[in-house]
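Residue strings, one per chain:
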Amino acid sequence: MRKSSQTIENNLPGRQFMMLTLVIVVSGLILRLLHLDFSYSNDELSALSRVRFNSFSDLVSKGFFVDGHPGGIQVFLFYWVKLVGMNEWAVRLPFALAGAMGIWITIRLFTRWFGQAAGLFSGAFVAFLAFPLLYSQIARPYGIGMTFCMIMAWYWTKLLFDEKPGIHHAFAYALSAAACMYTHYFSFLLALIMGISGLFLLNKDRVYHYTGAGALAALLFIPHIPITLNHLSIGGVGLWLAKPVWSWPLLHIASVFNNSVIIAGLVVLIIIIQVRYLKPEPDTSVFRVLSLLFFLLPMITGFFYSRWINPVLQDSVLIFSFPFLLGFLFSFSASIPKRLVIIMTSVLIIVGISQTVFIHKYYSRQHFGEFRGVAQAICTWNQKYGMDNITRAVSVNNPWYLEFYMKQENSCEATFSQYDNRGGEDLTVLKKVLEKAETPFFAYAWTKPVPPEIRDMILARFPCIVEAFNFSGLSEATLFSQQNQSSCRNATIKTIFYSSFQSENPGSGSFPEFYPGYEGTLYELSYDYSNQLVAAVEARTQEHLSGALLVASFHDDDGETLLWTASKFDLFTAADSISTIRLTIPAQGKDLSNKKMKIYVWNPRKTELEIRSLTIFTEPFPEYSGTAANQTRK
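Every residue gets a number counted from 1 within its own chain, in the order that chain's sequence is written. Note on the predicted model: pLDDT of at least 70 is required for a residue's local features to be given, and 80 or more for side-chain atom pairs to be given and counted; whole-chain, interface and lining totals, by contrast, use all residues. Neither water nor hydrogens contribute to the side-chain values; these are computed over all heavy atoms in the structure.

Novice: Quick question: what am I supposed to make of the packing of helix α9 (residues 167-183) against helix α10 (residues 185-199) here?
Specialist: Between two packed helices, the angle of one axis relative to the other and the distance separating the axes together describe the packing. Here an axis means a line fitted to C-alpha atoms, over the contact stretch when the element is a helix, while the angle between two N-to-C directions is reported on a 0 to 180 degree scale. Helix and strand definitions follow DSSP, with helices as H or I runs of at least four residues and strands as E runs of at least two, each counted in order from the N terminus. Viewed as axis vectors pointing N to C, α9 and α10 meet at an angle of 145 degrees, and their least axial separation amounts to 6 Å. Touching Tyr-173, Ala-177, Cys-180, Met-181 and Thr-183 of α9 are Ser-187, Phe-188, Ala-191 and Gly-195, all from α10. Residue type decides the class: Asp, Glu, Lys and Arg count as charged, Ala, Val, Leu, Ile, Met, Phe, Trp, Tyr, Cys and Pro as nonpolar, and the leftover types, Gly among them, as polar. Tallied by class, the residues present in the contact of α9 with α10 amount to 6 nonpolar, 3 polar and no charged. The contact rule is simple, with two residues in contact once any of their heavy atoms fall within 4.5 Å.

This is the structure:
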């Protein structure tokens, strides 16, 4: 099969086409260079922490042999950081430039496959959508990997469908395929799919060019094979990433289009226009099928691999094949009149950028966990309240991630009593830290999800929230105090139920399994869901580890349990002393107002307990720091 680049109907005059291409690419470049200095993400800091070596051999053995990604981007960062330092803007600049180049290659590729309208429409979407924009603004393999994949597809096309492909096309295809293989395993997968597909489209006059290019790409990857085998032996993201739900593909497609009705409307409008002017285009049918396969096969492979073997599927890993979805959607546009192509391209640029920037609020969203802001908060508190007056704990994947930013805050330094908390024994360690804390303040920060018990454990001992910075639920830094006063952030506590209990001293071994608490409904307590619901008991335990629980449960009319949650006394109590046990009840987002609620103490071991009081109250939800949470799933 041959396909000339000049057989598509809606060819615009060269100057008009180049002008529209230039506007799209420059617009995309500007979007990618704006606010490029935001806080590094956890993924970026992980990569940067693994380039601080003096030798290439250390980089290999300690930098990416132990990681789950191919070493290409890590090698680039190793040399690039030595040249420009670790400033966010400088480190990310090549990735932003590569992302803009990807827009241009996308336009060229789909112009070649389906005509100028398809190229311009696809390039415009790549330019303004938040999905490719975000992953072109971080120093990770995703945006630049998409560009490598489009370059590979371009030379793959020339090698298979040009009238006279040259050996330079074969070399370019081999090098770009190898670049995909060294960038990410999902771009490797796309290179493999594309390479195998080409075998079914191959004519005899280019067998040697094509197979030679494939062999060269494989040869170039041979040094990495032992590293890849090691990557396959480790859990990687499967250690923490959940299996995708069956609706994941639909949620992914909605996500890449900004979860926006406006963007969906633009896509539907173009489809309607394509149907209106549709004419048979037999020369494009093969490329239309290929576009669909190149988009779907990586998703299907990743989806079932994640469900059956090891979870690896995230939105980010499908960016390499994403442009082919656009190519397919706009592949019927060859017969659209030239004037309408110009109008629609202009509409896409104006409306698309406006939606992403002003409605989606891309630049004011918190896309990743915040590290700079957390470090600034800790350093500010050290200066304001005195370093020796604060006990500090943090949950972070690597202490260097915060130390990197703390050193930028006038060489701020701080010690932390705990650096990570994954529940279980880590909660016991935190309890000991809290028990030993003799400072008037306690600072806790997290840059990744932490057990919900932590907040209750700290507030039980340091009940006043002095200052708090919550970065859209993706990171948080909070300063607690032992002095409960009106200036506390959580001072507006409203008690909706209180009961005190007379002390009883039954005979040894006859302590009850259940202690009376509250039975009723949230409606009877006038709880309106505008604040957080909390239960607390004051209790004395004879043993250090009693095994008792403060329980809250909700039940329907048939007695079926709708919600059950509990706090362990052992995380709050000390032997033979009065302690406060807190339980934050996750009632928000659920229709529980008229459901039967029980709050009680369960003492399964029947150990010696003295329950002095039960209080149910509301307190403000944790405050956000002023930036909206990013709705794009990752």
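From this point, things continue past the structure.
Novice: What's the story with the packing of aromatic side chains in this structure? I'm lost.
Specialist: Think of a pair of aromatic rings as described by two things: how far the centres are apart, and how the planes are tilted against each other in angle. Only rings of Phe, Tyr and Trp enter the pairing, Trp through its six-membered ring, and a pair is recorded when the two centres are within 6.5 Å. The plane angle decides the type: under 30 degrees is stacked, over 60 is edge-to-face, the rest tilted. Across all of its chains, the model carries 44 aromatic pairs by this definition. Taking the centre distance of 5.3 Å and the plane angle of 45 degrees together, the rings of Trp-400 and Phe-404 count as tilted. Note that Trp-400 and Phe-404 are positioned in helix α19 (residues 399-406) at a spacing of 4 residues, about one turn of the helix. Taken together, the ring pairs connect Phe-121, Phe-125, Phe-128, Phe-131, Tyr-135, Tyr-142, Phe-257, Phe-320, Phe-322 and Phe-330 into an aromatic cluster. Lying over the aromatic face of Tyr-277, Arg-276 brings its terminal NZ or CZ to 4.7 Å of the ring centre. Both a distance and an angle decide whether a charge sits over a ring: NZ of Lys or CZ of Arg must be within 6 Å of the ring centre and within 35 degrees of the ring normal. Here Arg-307 stacks its cationic end above the ring of Trp-246, 4.1 Å away from the centre of that ring.

Novice: Please explain the state of the cysteines as it appears in this structure.
Specialist: Each disulfide is one covalent bond, formed between the sulfur atoms of two cysteines. In this description, the term disulfide denotes a pair of cysteine sulfurs within 2.5 Å. Applying the stated criterion across every chain, the model contains 2 disulfides. Residue Cys-464 pairs covalently with Cys-488 via a disulfide, S to S 2.0 Å. Its S-S torsion of approximately -115 degrees makes the covalent link between Cys-464 and Cys-488 left-handed. Taken together, the residues span a long stretch of sequence, with Cys-464 in strand β4 (residues 464-470) and Cys-488 in the loop between β5 (476-481) and β6 (494-500) at a distance of 24 residues. Like Cys-488, Cys-464 is buried. Assigning the bonded cysteines of the chain consecutive numbers by sequence position, one obtains the connectivity 1-2, 3-4. Only protein chains enter the area calculation, which uses a 1.4 Å probe; residues under 20% of their type maximum are buried, those over 50% are exposed, and those in between are partly exposed.

Novice: Which parts of the structure should I look at to understand helix α15 (residues 285-308)?
Specialist: Working note: α-helix, 3.6 residues per turn, so residues spaced by three or four point in the same direction. Each helix should span, by expectation, one fewer than its residue count multiplied by 1.5 Å. With 24 residues, α15 ought to run about 34 Å at 1.5 Å a step, and its terminal C-alpha atoms sit 34 Å apart, in line with that. What the bend at a residue measures is the angle between two axes, fitted to the seven residues ending there and to the seven starting there. At Leu-296, α15 is bent by approximately 25 degrees, the largest bend along its length, and proline Pro-298 sits one to four residues beyond. Where α15 is concerned, the buried positions are Phe-287, Arg-288, Leu-290, Ser-291, Phe-294, Phe-295, Pro-298, Met-299, Gly-302, Phe-303 and Ser-306.

Novice: Would you take a moment to explain the pattern of salt bridges for this structure?
Specialist: Two side chains carrying opposite charge are able to pair once their charged atoms lie near each other. For salt bridges, the criterion is a side-chain nitrogen of Lys or Arg within 4 Å of an Asp or Glu carboxyl oxygen. All chains considered together, the criterion is met by 17 salt bridges. With a closest N to O distance of 3.0 Å, Asp-456 and Arg-582 form a salt bridge. In this pair, Asp-456 is assigned in helix α21 (residues 453-461) and Arg-582 in strand β11 (residues 577-585), connecting sequence segments 126 residues apart. Residue classification places Asp-456 among the buried residues on the basis of a relative accessible area of 3%.

Novice: Would you mind showing me how to read the sheet that holds strand β12 (residues 596-602) here?
Specialist: Strand pairing in a sheet relies on backbone hydrogen bonds. The paired strands run either parallel or antiparallel. Each pair of strands is called paired provided DSSP finds at least two bridges between the two strands. In space, the 4 strands of this open sheet follow the order β7-β12-β9-β10, with antiparallel pairing throughout. Of all the strands in the sheet, the pair left with one neighbour each is β7 (514-520) and β10 (561-568). The mean inter-strand angle of the sheet, taken between neighbouring strand axes irrespective of direction, is 15 degrees. Bridge analysis of β7 against β12 gives 5 bridges, and the strand direction is antiparallel. Paired with Gly-520 across the two strands is Met-597, which belongs to β12.

Novice: What's the story with the confidence of the model for the chain in this structure? I'm lost.
Specialist: Low pLDDT means the predicted atomic positions in that stretch should not be read closely. Across the chain, each position has a pLDDT score giving the predictor's confidence in that residue, from 0 to 100. Mean pLDDT over the chain: 92, with 94% of residues reaching 70 or higher. Predicted confidence for residues 1-7 stays below pLDDT 50, and this span has 24 contacts to residues more than four positions away or in other chains. In the model, residues 625-634 has pLDDT below 50 throughout and makes 33 contacts with residues more than four positions away in sequence or in other chains.

Novice: Would you take a moment to explain the environment of Ser-136 for this structure?
Specialist: When you line up the elements, Ser-136 lands in the loop between α7 (130-134) and α8 (141-161). Overall, Ser-136 belongs to the buried group, its relative accessible area being 1%. For the pair Ser-136 and Leu-29, spaced 107 residues apart in sequence, the C-alpha separation works out to 9.7 Å. Apart from residues lying up to four places away in sequence, Ser-136 is in contact with Arg-32, Phe-95, Ala-96, Gly-99 and Gly-143.

Novice: Before we go on, may I ask you to explain the sheet that holds strand β3 (residues 441-446) in this structure?
Specialist: With mixed pairing, 4 strands are arranged side by side in an open sheet as β2-β3-β5-β4. Each having just a single partner strand, β2 (390-395) and β4 make up the two edges of the open sheet. Taken over all neighbouring pairs, the strand axes of this sheet differ in orientation by 10 degrees on average, direction set aside. Two elements, β2 and β3, share 6 bridges in a ladder whose sense is parallel. Looking at the pairing, Thr-391 lines up with Phe-442 of β3.

Novice: Help me understand the packing of helix α6 (residues 116-128) against helix α17 (residues 338-359) in this model?
Specialist: Following both chains from N to C, one finds α6 and α17 inclined at 10 degrees, their axes separated by 9 Å at the closest point. Judged on the interaxial angle alone, α17 and α6 are roughly parallel. Side by side, α6 and α17 meet where Ala-117, Leu-120, Phe-121, Ala-124, Phe-125 and Phe-128 of the first sit next to Val-341, Met-344, Thr-345, Leu-348, Gly-352, Ile-353 and Thr-356 of the second. Here the word oblique covers every angle except those under 35 degrees (roughly parallel), over 145 (roughly antiparallel) and from 65 to 115 (roughly perpendicular).

Novice: How should I be thinking about the nonpolar core in this particular structure?
Specialist: In summary, soluble globular proteins display a tendency toward joint burial of nonpolar side chains. The biggest cluster of nonpolar side chains holds 91 residues, and the ones touching the most others in it are Trp-113, Phe-125, Trp-156, Phe-257, Phe-294 and Phe-324. In terms of residues, this core owes the most to one element, α8, which gives 12 residues. Other than its neighbours up to four places away in sequence, Phe-294 contacts Trp-113, Trp-156, Leu-190, Ile-193, Met-194, Ser-197, Ser-321 and Phe-324. The nonpolar core is taken to be a set of buried Ala, Val, Leu, Ile, Met, Phe, Trp, Tyr and Cys residues, with the residues joined through side-chain atoms within 4.5 Å. With 50 residues, the next largest nonpolar core counts Leu-459, Ala-468, Phe-497 and Tyr-527 among its residues.

Novice: Please explain unusual backbone geometry as it appears in this structure.
Specialist: Glycine aside, a negative phi is what most residues show, and trans is what most peptide bonds show. In this structure, His-35 takes a positive phi of about 50 degrees despite not being glycine. Here His-35 is to be found in the loop between α1 (14-33) and α2 (42-49). Classification of His-35 as partly exposed rests on a relative accessible area of 49%. Positive phi, normally seen in glycine, also occurs at Asn-259, with a value near 50 degrees. As for its placement among the helices and strands, Asn-259 is situated in the loop between α13 (248-256) and α14 (261-276). You can call Asn-259 partly exposed: its relative accessible area is 41%.

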